[in-house]
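Here is how the chains run, residue by residue.
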Amino acid sequence: MGTAPSPAENHGYHVVVGSGILSELPSLVGPRARQVAVIHPDTLPELARPVCHALRAAGYVVTSLDVPDGERAKKISVATRLWEQLGAADFTRTDAIVGVGGGATTDLAGFVAATWLRGVPVVLVPTTMLGMVDAAVGGKTGINTDAGKNLVGAFHAPSGVLCDLATLPSLPRAEYVSGLAEVIKAGFISDPRILELVEADPHAATTPDGRYTRTLIERAIAVKASVVSTDFRESDHREILNYGHTLGHAIERAEDYTFRHGYAVAIGMVFAAELAQLHHGADPALARRTREILGGVGLPTTYPAAAWPELLRTMRRDKKARGATLRFVLLEDLARPARCAVPDEAMLAAAYQRVSG
Ligand SMILES: NC(=O)c1ccc[n+]([C@@H]2O[C@H](COP(=O)([O-])OP(=O)(O)OC[C@H]3O[C@@H](n4cnc5c(N)ncnc54)[C@H](O)[C@@H]3O)[C@@H](O)[C@H]2O)c1
Ligand SMILES: O=C(O)C(=O)C[C@@H](O)[C@H](O)[C@H](O)COP(=O)(O)O
Ligand SMILES: [Zn+2]
């Protein structure tokens, strides 16, 4: 793995990828800020400390704000507490938030940045595979509600994203693999070379010191950046990034947000591949390849049959639904995503049967 940072333009901000690159952080925060609030999970002080140190050394007044780990942070009660802390610190529009952690933490930090004073700058420092390749890039921020995943949020682009690959070795393997689901998603919707690199050595793909780790991360970021730069607010084309998420989010809600996002998206991609066959006769090889590549890196591909009625009810609140009609991202072929209305409940149930079977 190389050590030099490689900046890539994305919607007017830099996404810097490299190893041991924390010294780049102050330049992403910029000279306007006097105060910086570093939002991080209470379980990861060893990742937050060097971030705070680098910012203090650059002259910022730093407040370290810890939040519950993972998905438990994506709650209105946590956002409320952070708003109170920013108020107590007289945090102004020129001050900046830095979010350090996985996608759950960066989604929350981004949401608080989007809403405090109607928007303050935010720089994201993702420390999971999933955060680097997806969550920290693109400006979708949000929290969960009892009704569903990410149902409250805002579009708010970060001022910069710093992906320090040196943070990845401490990530538990299951979390690393969860991030691979979004990498593989990018492969199916846009960049089949990603699929070939994973298939070339599935085991190597599951470790941060794998031969193609950096390439996979950079290619997945490139897919995301390219889509987001044409449709930041998800008016149309951006929906393709939701491949596998319609069922995936419903599974996360059914599991009370204790099921890894990437695992749920993996099952959702199998469902989408089966639905594509039933809906417009997509090649069955697509579903086969989906199961094989996901299974090959250790991602789940099935979910219990009994869950269907509740999953269907939850999917009706998906952001892509329009009135009573569910809409899905389905592949016409590899790297040819289409956005499809599927009003036929029997077809949806038949596709799910193949997932639960
Ligand atoms: N905004 C977006 O565009 C977008 C895109 C994809 C996913 N997401 C969201 O991202 C979230 C999932 O993100 P995630 O998979 O990163 O999960 P996560 O944030 O819950 O992190 C997973 C676990 O890894 C731990 N962790 C993080 N970095 C670590 C490190 N370097 N070493 C050891 N442990 C570490 C965390 O503390 C946590 O326990 C979901 O809420 C999902 O909805 C958002
Ligand atoms: O950036 C996007 O757009 C995505 O859909 C990326 C997804 O991987 C991500 O999980 C996102 O948070 C889902 O957004 P939502 O709008 O369906 O809540
Ligand atoms: Zn996702």
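All values reported here derive from a predicted model rather than from experimental measurement. (Residues numbered from 1 in each chain as written. Chains lettered and ligands numbered in written order. Predicted model: local features only at pLDDT ≥ 70, side-chain atom pairs only at ≥ 80, totals over all residues. Heavy atoms only, no water.)

1. Description of the overall build of the chain
Stated formally: Helix and strand assignments follow DSSP, with helices taken as H or I runs no shorter than four residues and strands as E runs no shorter than two, numbered in order from the N terminus. C-alpha atoms define the radius of gyration, and 2.2 Å times the number of residues to the power 0.38 defines the globule rule. In this scheme, a residue with accessible area under 20% of its type's maximum is buried, one over 50% is exposed, and one in between is partly exposed, where area comes from a 1.4 Å probe on protein chains only. Contacts are residue-level and defined by heavy atoms, with any inter-residue pair within 4.5 Å sufficient. Accessibility throughout is a Shrake-Rupley quantity obtained with a 1.4 Å probe, and a residue counts as covered only by protein chains that appear here. By the counting scheme adopted, Arg and Lys are positive, Glu and Asp are negative, and His together with the chain ends is not counted. To locate a charge, take atom NZ for lysine, CZ for arginine, CG for aspartate or CD for glutamate.
Across its full length, the chain holds 14 helices and eleven strands. On C-alpha atoms alone, the chain measures out to a radius of gyration of 20 Å, which is about the 21 Å that the 2.2 N^0.38 rule sets for 357 residues. Taking the principal axes of its C-alpha atoms as reference, the chain extends roughly 60 × 45 × 35 Å. Burial status across the chain gives 57% buried among its 357 residues. Taking the intrachain contacts of the chain between residues at least 6 apart in sequence as the baseline, contacts between residues at least 24 apart amount to 74%. Carbon and sulfur atoms form 52% of the exposed surface of the chain, whose accessible area is close to 13,900 Å². Within the chain, the 38 negative side-chain charges are centred at a point lying 3 Å from the centre of the 36 positive side-chain charges.

2. Observations regarding the site of ligand 2
Stated precisely, the cut-off is as follows: Distances are taken per atom, and a residue is near a molecule or strand as soon as one of its heavy atoms is within 4 Å of it. We call two N or O atoms a polar contact when they sit within 3.5 Å, provided that within protein one can donate a hydrogen and the other can accept it, with sequence-adjacent residues counted only if both atoms are side-chain atoms. Ten residue types, Ala, Val, Leu, Ile, Met, Phe, Trp, Tyr, Cys and Pro, are classed as nonpolar, four, Asp, Glu, Lys and Arg, as charged, and the remainder, Gly among them, as polar.
Every one of the 13 residues lining ligand 2 counts as a neighbour, but Asp-134, Lys-140, Lys-224, Arg-238 and Lys-319 are closest to it. Between Asn-150 and ligand 2, the recorded distance is 2.9 Å, taken from a side-chain N or O atom to an oxygen atom. Isolated, ligand 2 exposes 430 Å² of accessible area, and the fraction of that covered by the protein chains is 92%. At the level of secondary structure, the elements contributing two or more residues to the shell around ligand 2 comprise helix 6 (173–189) and helix 10 (245–254). Of the residues assigned to the shell around ligand 2, the class counts are one nonpolar, five polar and seven charged.

3. So, the packing of aromatic side chains
Quick reminder of the rule: Ring geometry is summarised as follows: Phe, Tyr and Trp rings, the Trp one being its six-membered ring, pair when their centres sit within 6.5 Å, and such pairs are stacked at plane angles under 30 degrees, edge-to-face over 60 and tilted between the two. When the NZ atom of lysine or the CZ atom of arginine is within 6 Å of a ring's centre and also within 35 degrees of its normal, the charge is said to sit over that ring.
If you walk through the whole model with that rule in mind, you get eight aromatic pairs. For the pair Phe-259 and Tyr-263, a centre-to-centre distance of 6.3 Å together with 85° between the ring planes defines the contact as edge-to-face. Each member of the pair, Phe-259 as well as Tyr-263, is classed as buried. Here a set of aromatic residues connected by ring pairs shows up, and it is made of Phe-271, Trp-308, Phe-328 and Tyr-352. Cation over ring: Arg-260 sits above Tyr-263, and NZ or CZ is 5.2 Å from the ring centre.

4. Remarks on the site of ligand 1
Around ligand 1, 27 residues are found, and the nearest of them are Asp-69, Gly-103, Thr-127, Thr-128 and Ser-170. A distance of 2.9 Å separates an oxygen atom of ligand 1 from a polar atom in the side chain of Lys-224. In isolation ligand 1 has 860 Å² of accessible area, and contact with the protein removes 90% of it. Secondary-structure elements contributing two or more residues to the shell around ligand 1 are helix 4 (103–115), helix 5 (129–135), strand 8 (148–155) and helix 6.

5. A few points about the coordination of the zinc ion (ligand 3)
Put simply, the rule is: Excluding water, the donors of a metal are its N, O and S neighbours within 2.8 Å, or within 3.2 Å for Na, K and Ca, and that exclusion means sites may look incomplete.
Here the zinc ion (ligand 3) is held by the protein donor atoms Glu-182 (OE), His-245 (NE2) and His-261 (NE2), which lie 1.9 to 2.1 Å from it. Between consecutive donors of the zinc ion (ligand 3), the numbers of intervening residues give the motif E-x62-H-x15-H. Within this pair, whereas Glu-182 is found in helix 6, its partner His-245 is found in helix 10, the two being separated by 63 residues in sequence. For the residue pair Glu-182 and His-245, the accessibility class agrees, reading buried in each case.

6. A closer look at the nonpolar core
What counts, and what does not: Nonpolar cores are built from buried Ala, Val, Leu, Ile, Met, Phe, Trp, Tyr and Cys residues. Side-chain atoms within 4.5 Å join them into one set.
One finds Ile-97, Ile-184 and Phe-271 to be the most contacted residues of the largest nonpolar core, which totals 102 residues. Among the elements that take part in this core, helix 11 (residues 261–280) stands out by supplying twelve residues, more than any other. Among the nonpolar cores identified, the runner-up in size contains 21 residues, and Cys-52, Val-62, Val-98 and Val-123 belong to it.

7. Overview of the pairing of strand 5 (residues 96–101)
When a strand is regular, its side chains alternate between the sheet's two faces. Note the threshold: Two strands make a pair as long as DSSP finds a minimum of two bridges between them. Convention used here: a crossover is right-handed provided that the path from the first strand, over the helix, to the second strand proceeds clockwise when the strands point away from the viewer.
Across the six residues of strand 5, six count as buried, placing the element largely inside the fold. Neither face of strand 5 is left uncovered, since the one carrying Ala-96, Val-98 and Val-100 and the one carrying Ile-97, Gly-99 and Gly-101 both have all their residues buried. Pairing geometry for strand 3 (residues 35–41) and strand 5, over four bridges, is parallel. Of the residues in strand 5, the one forming a bridge with Val-36 is Ala-96. Where strand 5 meets strand 6 (residues 122–126), five bridges bridge the pair, whose relative direction is parallel. Pairing of Ile-97 across the sheet is with Val-122, part of strand 6. Handedness of the crossover joining strand 5 and strand 6 through helix 4: right-handed.

8. Some points on the UniProt feature "domain: 3-dehydroquinate synthase N-terminal" (unreviewed entry) in the chain
Heads up, the rule is: UniProt positions are given in the numbering used here, feature names are shortened, and annotations may be inferred rather than shown by experiment.
Within this numbering scheme, the UniProt entry marks residues 66–176 as carrying the feature "domain: 3-dehydroquinate synthase N-terminal" (unreviewed entry). Helix makes up 33% of residues 66–176 and strand 29%, and the two end C-alpha atoms of the span are 23 Å apart.

9. A look at helix 11
Rules: Multiplying one less than the number of residues by 1.5 Å gives the expected span of a helix.
In a regular helix each residue adds 1.5 Å, so 20 residues correspond to 28 Å; helix 11 covers 28 Å between its end C-alpha atoms and thus fits that length. Here helix 11 lies mainly inside the structure; 16 of its 20 residues are buried. Trailing helix 11 by a residue or two, Gly-281 shows a phi angle of about 70°, which is positive.

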